[in-house]
Amino acid sequence: MKTNELYILRDIAGDNLLVPVGEATQRLNGMIHLTETAAFIWNHINDAKDLEELVKMLTDEYEVDEETARNDVFGFTKELYMREMILDVPEFKDVEIIPAK
């Protein structure tokens, strides 16, 4: 599991923004505003061996119950995976990728 190097998280004036670079700008024209939790998940994708480890990291960092953390992690990462913003997620091997326009 890893982030796609064509998307970079930037802190701009206190906002967490996911910015496409290179050929990713053909797929996403603009930036994505991330909540604090979403930015935490993004920053730890490359460190976690799987999504369950990300859930554990989230519950360790924030006062959130496991079910809520799991829903947040699985929901957010699935959206990222479908848009090829993260790669190599075994839990989503059967999830359809949204084609670039």
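Data block above holds the structure.
We now turn to the structure provided with this report. Only a predicted model underlies this, so the values are computations on that prediction, with no experimental measurement involved.

### A few points about unusual backbone geometry
With a phi angle near 55°, Ala 13 is a residue other than glycine that sits in the positive phi range. If you trace the backbone, Ala 13 turns up in the loop between β2 (7-12) and β3 (15-20). Classification of Ala 13 by relative accessible area gives exposed; the value is 81%. Phi at Asp 88 takes a positive value of approximately 60°, unusual for a residue other than glycine. Position of Asp 88 relative to the elements: it lies in the segment after β5 (86-87).

### Comments concerning the packing of helix α3 (residues 51-61) against helix α4 (residues 66-82)
At a minimum axis distance of 9 Å, the contact between α3 and α4 shows a crossing angle of 130°. Taken together, the axis directions place α3 and α4 in an arrangement best described as oblique. The chirality of how α3 crosses α4 is right-handed. Judged by residue contacts, Leu 51, Glu 52, Leu 54, Val 55, Leu 58 and Thr 59 of α3 engage Glu 66, Ala 69, Arg 70, Asp 72, Val 73, Phe 74 and Thr 77 from α4. Here the residues of the contact of α3 with α4 are counted per class, giving seven nonpolar, two polar and four charged.

### Here's the deal with the pairing of β3
Counting buried residues along β3, five of its six residues qualify, which places the element largely inside the surrounding structure. Across six bridges, the pairing between β2 and β3 is antiparallel. Considered in β3, the bridge of Arg 10 is made with Leu 17. What sits between the antiparallel neighbours β2 and β3 is a turn of two residues, in which Ala 13 has the positive phi angle 55°. Bridging between β3 and strand β4 (residues 32-34) involves three bridges; their strand directions are antiparallel.

### Concerning the sheet that holds β3
Taken together, three strands build an open sheet; the order of strands is β2-β3-β4 and the sheet is antiparallel. Of all strands in the sheet, those with a lone pairing partner are β2 and β4, marking the two edges. Put simply, the sheet's adjacent strands are angled 35° from each other on average, direction ignored.

### Side note on the layout of surface pockets
A water-sized probe rolled over the atoms picks out the places where empty space is left. Quantified by volume, the largest pocket comes out at close to 180 Å³. Lining the largest pocket we find 11 residues, and of these Arg 27, Leu 28, Arg 83, Ile 98 and Pro 99 sit closest to its centre. Residues belonging to the lining of the largest pocket are distributed by class as follows: seven nonpolar, one polar and three charged.

Each value, and the rule that gives it
- Residues numbered from 1 in each chain as written.
- Predicted model: local features only at pLDDT ≥ 70, side-chain atom pairs only at ≥ 80, totals over all residues.
- Heavy atoms only, no water.
- Helix = DSSP H or I, 4+ residues; strand = E, 2+ residues; numbered from the N terminus.
- Buried < 20%, exposed > 50% of the residue type's maximum accessible area, 1.4 Å probe, protein only.
- Axes fitted to C-alpha atoms, helices over the stretch in contact; angles between N-to-C directions.
- Parallel < 35°, antiparallel > 145°, perpendicular 65-115°, else oblique.
- Left-handed = near helix turned anticlockwise from the far one by under 90°.
- Contact = heavy atoms within 4.5 Å.
- Nonpolar A, V, L, I, M, F, W, Y, C, P; charged D, E, K, R; others polar.
- Pairing = 2+ DSSP bridges.
- 1 Å grid on protein atoms, 1.4 Å probe; cavity = no way out; pocket = protein on both sides within 12 Å on 5 of 7 lines; lining within 4 Å.
- Points joined across faces, edges and corners; volume = space filled by probe spheres on them.

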